[in-house]
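Topology and contacts: notes
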Amino acid sequence: MPSWVPRIDTPRRALEQQSSGPLSGPSVLDLSFAGLGVDGLFLEVSCSVAAWVSFYDSAAARTADGARPIEEDPPLSAGVLLDLRFSAETSLLKLAPGSSYSNGESPLQQRLWARLRTEAAGAHTATLAVLALVLNDSVGG
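First, a word on scope: everything that follows refers to the structure included in this document. (Residues numbered from 1 in each chain as written. Predicted model: local features only at pLDDT ≥ 70, side-chain atom pairs only at ≥ 80, totals over all residues. Heavy atoms only, no water.)

Broken down by element type, the chain carries one helix and 11 strands. Ordered by position from the N terminus, the helices and strands of the chain form the series β-β-β-β-β-α-β-β-β-β-β-β. Since a compact globule built from 141 residues should have a radius of gyration of about 14 Å, the 16 Å found for the chain is in line with a globular shape. C-alpha atoms of the chain, sized along the principal axes, occupy 60 × 30 × 25 Å. In the chain, which comprises 141 residues, the share counted as buried stands at 40%. A separation threshold of at least 6 residues defines the contact pool for the chain, and within that pool the share at least 24 residues apart is 84%. As displayed, the chain has an accessible area near 7900 Å², and 54% of this comes from carbon and sulfur atoms. (Helix = DSSP H or I, 4+ residues; strand = E, 2+ residues; numbered from the N terminus. Rg over C-alpha atoms; globule rule 2.2 N^0.38 Å. Buried < 20%, exposed > 50% of the residue type's maximum accessible area, 1.4 Å probe, protein only. Contact = heavy atoms within 4.5 Å. Areas by Shrake-Rupley, 256 points an atom, 1.4 Å probe, with all protein chains shown as cover.)

Counting 26 residues, the largest nonpolar core has Phe 33, Phe 42, Val 45, Phe 55 and Leu 128 as its most contacted members. Broken down by secondary-structure element, the contributors of at least two residues to this core are strand S3 (28-33), strand S4 (39-47), strand S5 (51-56), strand S6 (80-86), strand S9 (112-118) and strand S11 (127-136). When residues of this core are assigned to their parent elements, the largest contribution, four residues, is made by S11. With residues up to four places along the chain from it excluded, the contact list for Val 45 reads Phe 55, Leu 84, Phe 86, Ser 91, Leu 92, Leu 93, Leu 95, Leu 128, Ala 129 and Val 130. (Core = buried A, V, L, I, M, F, W, Y, C linked by side-chain atoms within 4.5 Å.)

It is worth spelling out the environment of Thr 63 at this point. Turning to its location among the elements, Thr 63 is positioned in helix H1 (residues 59-64). The spacing of Thr 63 and Ser 27 is 36 residues in sequence and 16 Å in space, taken between C-alpha atoms.

Next up on the list: the pattern of salt bridges. Tallied over the entire structure, the rule returns eight salt bridges. Close ionic contact of Asp 30 with Arg 115 constitutes a salt bridge, the shortest N to O distance being 2.7 Å. Of this pair, Asp 30 sits in strand S3 while Arg 115 is found in strand S9, placing the two residues 85 residues apart along the sequence. For Arg 115, a relative accessible area of 7% corresponds to the buried category. (Salt bridge = Lys/Arg side-chain N within 4 Å of Asp/Glu carboxyl O.)

Turning our eyes to something else, we now look at the pairing of S11. Note: strand S1 (residues 12-19) against S11, eight bridges, orientation antiparallel. From the neighbouring strand, Leu 15 faces S11, where its bridge partner is Leu 131. (Pairing = 2+ DSSP bridges.)

Among the secondary structure elements, Asp 65 is positioned in the loop between H1 and S6. By relative accessible area, which is 5% here, Asp 65 ends up buried. Within the structure, the side chain of Asp 65 is placed 2.5 Å from the side chain of Arg 68, a separation counted as a polar contact. With near-sequence residues (within four places) excluded, Asp 65 lies in contact with Ser 54, Tyr 56, Val 80, Arg 115 and Arg 117. (Polar contact = N/O pair within 3.5 Å; in protein donor to acceptor, adjacent residues only side chain to side chain.)

Our focus in this paragraph is unusual backbone geometry. Each neighbour pair has its own omega, and for Ser 106 with Pro 107 the value is 0°, a cis peptide bond. Of note, Pro 107 is situated in the loop between strand S8 (100-102) and S9.

Mapped onto the elements of the fold, Ser 100 is located in strand S8. Relative accessible area serves as the criterion here: at 41%, Ser 100 is assigned to the partly exposed category.

In structure tokens:
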């Protein structure tokens, strides 16, 4: 007898936001997004402060990318899904069609990892938001 599986409506649009507590000076924040499914398309990303934002397919990829300078491109198989730079004047970036993501963990997870490197000199808070088209929520085989 098959077990009951809840209905998940995909594809669907999802907006998830992460906010920091009080920060002082340039800061590095490791974030994870749990509401964007397993696979999808980035539609928009917004950030409330000047920052460099990277998205990853796994926690290990985020850890391995920790020392990469902003001027350097990651290796193709490094698990870096998207690199964005927000200036003080740019708080919202609409992404090109085909900017996709997929969880790279084994077993799969409904999670997307990010690193936010703020550039503000004084006291500040940071808010990062992702609008995505979720294509797959399922982690089961």
